[in-house]
Amino acid sequence: MHVSVRVRVFLAHHRWIYWLVVFALAGAVGLMVHAELRKVDTARATWGETTSVFVAIDDRAAGDLPRVERRDLPDALVPRAALRSLPAGATLRQRVTAGEVLTSTDITAVAGPAAGAATESVVVGIIDPLARGAGVGSRVRISSEGIVLADLGEVVSLADEVVFVAVSPADAPIVAAAAQAGLASILFVP
């Protein structure tokens, strides 16, 4: 008789041995899971101090109201600019994804087109009929009659036919003058 047949016949006559093996295997698996959970707790304890910060609940676009929750995260994982409180009237300056820690660069309390701009920039409205494909966040240059007025800009808002572009404070006056005269053109930068 084959060995496997003998083992099956033996276990059929002695069911308690079969169940003893089943319980022993289940206990071994339980002990291994418990050991792994203890390792996770030990690693978490080595993270050190935690800080309560705001984390995005879902994906949101620039200009949306933030939906956040407070979470305690290890200091080693928290960015320096992480928000610990939200300003009144806060909106998103840029796109955020679910689970992302919100920082001061993600949130603005400024209203209007300037809400999407960096704090050190100036926003100028430009009407350029050829810039219909512009999207918020697009990198652009501003030119007028073949001369580059602003080497670096970013589209921060769109309203009807007006494209609001954030440029450096030094470039803003000349860009605004060209936009007022209808001579400003938006050049898209890859």
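Procedures and definitions
Residues numbered from 1 in each chain as written. Predicted model: local features only at pLDDT ≥ 70, side-chain atom pairs only at ≥ 80, totals over all residues. Heavy atoms only, no water. Helix = DSSP H or I, 4+ residues; strand = E, 2+ residues; numbered from the N terminus. Rg over C-alpha atoms; globule rule 2.2 N^0.38 Å. Buried < 20%, exposed > 50% of the residue type's maximum accessible area, 1.4 Å probe, protein only. Contact = heavy atoms within 4.5 Å. Areas by Shrake-Rupley, 256 points an atom, 1.4 Å probe, with all protein chains shown as cover. Lys, Arg positive; Asp, Glu negative; His and termini not counted. Charge placed at Lys NZ, Arg CZ, Asp CG, Glu CD. Phe/Tyr/Trp six-rings, centres within 6.5 Å; stacked < 30°, edge-to-face > 60°. Pairing = 2+ DSSP bridges. Axes fitted to C-alpha atoms, helices over the stretch in contact; angles between N-to-C directions. Parallel < 35°, antiparallel > 145°, perpendicular 65-115°, else oblique. Nonpolar A, V, L, I, M, F, W, Y, C, P; charged D, E, K, R; others polar. Arc of directions from axis to C-beta.

A. View of the overall build of the chain. The helix and strand tally for the chain stands at three helices and nine strands. Seen in sequence order, the chain has helices and strands lined up from the N terminus as α-α-β-β-β-β-β-β-β-β-α-β. Relative to the 2.2 N^0.38 estimate, which gives 16 Å for 190 residues, the radius of gyration of the chain is 30 Å and therefore markedly larger than a compact globule would have. Here the chain holds 190 residues, and the buried ones make up 28% of them. Residue pairs in contact within the chain that sit at least 24 positions apart in sequence constitute 55% of those at least 6 positions apart. Surface exposure of the chain reaches about 12300 Å², of which carbon and sulfur atoms provide 61%. The positive charge centre, built from 17 side chains, and the negative charge centre, built from 19, are 17 Å apart in the chain.

B. Summary view of the packing of aromatic side chains. According to the stated counting rule, one finds two aromatic pairs in the structure shown. Between tyrosine 18 and tryptophan 19, the aromatic rings sit 5.2 Å apart at their centres with planes inclined by 80°, giving edge-to-face as the arrangement. Taking the centre distance of 6.2 Å and the plane angle of 35° together, the rings of tryptophan 19 and phenylalanine 23 count as tilted. Taken as a pair, tryptophan 19 and phenylalanine 23 lie in helix α2 (residues 15–46) at a separation of four residues, close to a single helical turn. Of the residues examined, tryptophan 19 reaches a relative accessible area of 43% and is grouped as partly exposed.

C. Spatial organisation of the environment of proline 74. One can find proline 74 in strand β2 (residues 68–74). We classify proline 74 as buried; its relative accessible area is 4%. Taking the C-alpha atoms as reference, proline 74 lies 23 Å from aspartate 59; in sequence the two are 15 residues apart. The residues contacting proline 74, other than those within four sequence positions of it, are Trp47, Glu49 and Thr50.

D. A look at the sheet that holds strand β9 (residues 184–188). Strand order in the open sheet formed by five strands is β5-β8-β7-β6-β9, and the pairing between neighbours is antiparallel. At either margin of the open sheet sits one strand with a lone partner, and together these are β5 (122–127) and β9. Ignoring which end each strand starts from, the neighbouring axes of this sheet average 45° apart. Summarising the sheet, strand β6 (residues 139–144) and strand β7 (residues 147–159) pair through five bridges and their orientation is antiparallel. Of the residues in β7, the one forming a bridge with isoleucine 142 is alanine 150. Sheet strands touched by helix α3 (residues 172–180): β5, β6, β7, β8 (162–167) and β9. Its angle to β5, the strand with the most contacts, is close to 20°.

E. Region of the structure containing the packing of helix α1 (residues 3–13) against α2. It is the contact of α1 with α2, at a shortest axis distance of 4 Å, that shows an interaxial angle of 100°. In terms of orientation, α1 and α2 fall into the roughly perpendicular class. Contact residues: Phe10, Leu11, Ala12 and His13 in α1; Arg15, Ile17 and Tyr18 in α2. Looking at the contact of α1 with α2 residue by residue, the class counts come to five nonpolar, one polar and one charged.

F. Expanded view of α3. Restricting attention to buried positions, one finds in α3 the residues Ala172, Val175, Ala178 and Ala179. The buried residues of α3 occupy an angular sector of 130° when the element is viewed end-on, so they sit on one face. Facing away from the buried surface of α3 by more than 90 degrees, the exposed residues are Pro173 and Gln180. Residues of α3 that are buried sit in contact with β5, β6, β7, β8 and β9. Within two residues after α3, glycine 182 carries a phi angle of roughly 80°, on the positive side.

G. Examining unusual backbone geometry more closely. Even without a glycine there, the phi angle at glutamate 145 is positive, about 50°. Counting through the fold element by element, glutamate 145 comes out in the loop between β6 and β7. When its relative accessible area of 67% is taken as the criterion, glutamate 145 is described as exposed.

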